[in-house]
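Architecture at a glance
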Amino acid sequence: MPLVAGIDSSTQSCKVVVRDADSGALVREGRAAHPDATEVDVRAWWSALEEAAEAAGGLDDVGAVAVGAQQHGLVALGENGEPVRDALLWNDTRSADAATELILELGDGDEAKGREEWATAVGVVPVASFTVAKARWVADNEPDNAKATAAICLPHDWVTWRLRGGRLGTDELTTDAGDASGTGWYDPVSGQYRLDLLERGLGHRADLPRVAAPGEAVGEAGELAAGALLGPGTGDNAAAALGLGAGPGDVVVSIGTSGVVSGSTDERIHDPSGIVAGFCDAEGHRLPLVCTLNASRVLSATAQLLGVDLDELSRLALSAPVGSEGIVLVPYLEGERTPDRPRASGAVHGLRVANSQPANLARAAVEGLLCGLADGIDALRDQGVEIRRALLIGGGAKSEALRVIAPSIFGCPVEVPAPDEYVANGAARQAAWVLSGADSPPAWQVEVTAAEQAEPTPAVRERYAEVRDLTEGRDP
């Protein structure tokens, strides 16, 4: 049976899955940790991949391999192909002011005009997470590093390039539309880079990866995967959607380090507010997406505050009444990306002697996290995205309280796919597509639970909306 490998080079770790190319059945897997930081020496990603591949039994027998990875990270390479500086990751918020500058500049000092111009040009409005803002931060604060930058790529681009052997050149660096659409200098409508916007960020033009077509083989792997075909790879959210087989009517809600809500459409996304990013997916369609900085860590932080583990936090939350007896937790614990408040902090409202029980605070954490994601679902609806069900994935989906409460907050049926590595699976499915040479990826089955349904609880959303803006650091 032909085998393929999928790699998930995420913020926290590298996961490798080896699957049957025809059925998608898991054959073996491995993982290794990444450094816990918001800027990372890219060579640590390669070391982790080597370790994870070895733990997975090696990649010598796979016919194709593809990479899904964290989006937006700035990998700056010099003329010799070596990193100019450590990669700035998506969750590094020091580039918040740079994002604001870029918006104002394109609008000739008018923020509303600038947002409109960016949304029209590339389908996204700069925030601290996006690559263009990070490039601008480097140009403003490390001009020598900016000047030395000969090429820019994203984390998945770099890992794919390194798999090939790491020869620098515009015909050697490759990416896909899914990841390119999160840079701030790729126009998903024309399929072309906006080099003028790259220049606004970095201060000069640099080599960028060639944007490969979905399902295209972009070369062969070197020693680590013994001549296997290389898929174009993609960003983690597009890879997860591919791994889930998500299509029109599905909204994928991923609760990991970040919270992500993404849909599927063929329509152009144009949101000057910047809430909905007009990304592409890995199959040639659109992947409208809303991302928050605060997701599963809201649960772990609340558990730490209460002195309990995550299972007990879930039990406590389910023992409390709907609405947490008036307590609302606004979960901006690490700043926030949506809404764009990088300097925001979390807040607890409505705390009184009569309701100050651990169970109420536990439920308020779950409800606050879900309300933030529900705002994202509403934003997709406002863009005309069809939503029939939510697919709940990520580490946060392990919480029983979150699974039970989500349908009433989201206002739609919620299904929970079996716990799995969906980013790595999506990369493996892309690899199988490349290996087959077919016009579309193979149909792999995904096991899901029966849909959870519940009566909507609009009062919880309304109360959250009342206090959402009453927090420090409201203005970006």
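Notes on the structure follow. (Residues numbered from 1 in each chain as written. Predicted model: local features only at pLDDT ≥ 70, side-chain atom pairs only at ≥ 80, totals over all residues. Heavy atoms only, no water.)

**Focus: the overall build of the protein**
Each helix and strand counted, the protein has 15 helices and 22 strands in total. Taken over the C-alpha trace, the protein has a radius of gyration of 21 Å; the compact-globule value for 476 residues is 23 Å, and the two agree within 12%. Counting only C-alpha atoms and orienting by the principal axes, one finds that the protein spans roughly 65 × 55 × 40 Å. Within the protein, contacts between residues at least 6 apart in sequence are counted, and of these 73% link residues at least 24 apart. For the protein, the accessible area works out to roughly 17900 Å², and carbon and sulfur atoms hold 47% of it. Side-chain charges of the protein comprise 38 positive and 71 negative groups, with the mean position of each set lying 3 Å from the other. (Helix = DSSP H or I, 4+ residues; strand = E, 2+ residues; numbered from the N terminus. Rg over C-alpha atoms; globule rule 2.2 N^0.38 Å. Contact = heavy atoms within 4.5 Å. Areas by Shrake-Rupley, 256 points an atom, 1.4 Å probe, with all protein chains shown as cover. Lys, Arg positive; Asp, Glu negative; His and termini not counted. Charge placed at Lys NZ, Arg CZ, Asp CG, Glu CD.)

**Some thoughts on the packing of helix H10 (residues 296-306) against helix H12 (residues 358-382)**
Where H10 meets H12, the axes come as close as 9 Å, and the angle between the chain directions of the two elements is 170°. In terms of axis orientation, H10 runs roughly antiparallel to H12. Every residue of H12 that contacts H10 at Ser296, Val298, Leu299, Thr302, Leu305 and Leu306 is listed here: Pro358, Leu361, Ala362, Ala365, Val366 and Leu369. Across the contact of H10 with H12, the residue classes break down as 10 nonpolar, 2 polar and no charged. (Axes fitted to C-alpha atoms, helices over the stretch in contact; angles between N-to-C directions. Parallel < 35°, antiparallel > 145°, perpendicular 65-115°, else oblique. Nonpolar A, V, L, I, M, F, W, Y, C, P; charged D, E, K, R; others polar.)

**Remarks on the packing of aromatic side chains**
Overall, the coordinates contain 4 aromatic pairs when judged by the stated rule. Plain terms: the ring middles of Trp45 and Trp158 are 6.3 Å apart, the flat faces sit at 70° to each other, and that makes the pair edge-to-face. In this pair, Trp45 is assigned in helix H1 (residues 43-55) and Trp158 in helix H6 (residues 155-164), connecting sequence segments 113 residues apart. With respect to burial, Trp45 and Trp158 carry one shared label: buried. Considering the side-chain rings of Phe130 and Phe279, the 6.1 Å spacing of their centres and the 65° angle between planes classify their relative orientation as edge-to-face. (Phe/Tyr/Trp six-rings, centres within 6.5 Å; stacked < 30°, edge-to-face > 60°. Buried < 20%, exposed > 50% of the residue type's maximum accessible area, 1.4 Å probe, protein only.)

**Here's the deal with the nonpolar core**
Within the largest apolar cluster, 52 residues are counted, with the highest numbers of intra-cluster contacts made by Val253, Leu392 and Phe410. When contributions to this core are tallied by element, the ones reaching two or more residues are strand S15 (249-255), H10, helix H11 (310-319), strand S19 (328-330), H12, strand S21 (387-393), helix H13 (400-410) and helix H15 (458-467). Residue contacts for Val253: discarding those within four places in its chain leaves Val260, Val261, Leu373, Ile377, Ala390, Leu391, Leu392, Ile393 and Phe410. Membership of the second largest hydrophobic core comes to 45 residues, among which are Leu106, Val122, Ala239 and Leu244. (Core = buried A, V, L, I, M, F, W, Y, C linked by side-chain atoms within 4.5 Å.)

**Details of empty space enclosed by the protein**
Inspection of the entire model under this criterion finds 5 cavities of 30 Å³ or more. There is about 80 Å³ of room inside the largest cavity. The wall of the largest cavity is formed by Val125, Val127, Phe130, Gly274, Ile275, Ala277, Leu289, Val290, Cys291, Arg337 and Thr338. Here the lining of the largest cavity takes 3 residues from strand S18 (residues 286-292), the largest share from any one element. The residue inventory of the lining of the largest cavity, partitioned by class, reads 8 nonpolar, 2 polar and 1 charged. In this structure, the second largest cavity spans a volume of roughly 60 Å³. What lines the second largest cavity is Ala119, Thr120, Val122, Gly123, Asp187, Pro188, Val189, Arg268, Ile269, Gly278 and Arg286. In terms of residue count, the dominant contributor to the lining of the second largest cavity is helix H3 (residues 111-122) (3 residues). (1 Å grid on protein atoms, 1.4 Å probe; cavity = no way out; pocket = protein on both sides within 12 Å on 5 of 7 lines; lining within 4 Å. Points joined across faces, edges and corners; volume = space filled by probe spheres on them.)

**Some details on the pairing of S18**
Burial analysis of S18 places 7 of its 7 residues in the buried class, the great majority of the element. Judged by which residues are buried, S18 turns out to be covered on both faces: Arg286, Pro288, Val290 and Thr292 on one side and Leu287, Leu289 and Cys291 on the other are all buried. Bridge count between strand S16 (residues 259-262) and S18: 4 bridges; the pairing is antiparallel. Considered in S18, the bridge of Ser262 is made with Leu289. (Pairing = 2+ DSSP bridges.)

**A few points about the sheet that holds S15**
With mixed pairing, 6 strands are arranged side by side in an open sheet as S17-S18-S16-S15-S21-S22. Both edges of this open sheet fall to strand S17 (277-280) and strand S22 (414-415), since each of them pairs with a single strand only. Pairing analysis gives 4 bridges linking S15 to S16, with the strands arranged antiparallel. Residue pairing in the sheet places Val253 in a bridge with Val261 of S16.

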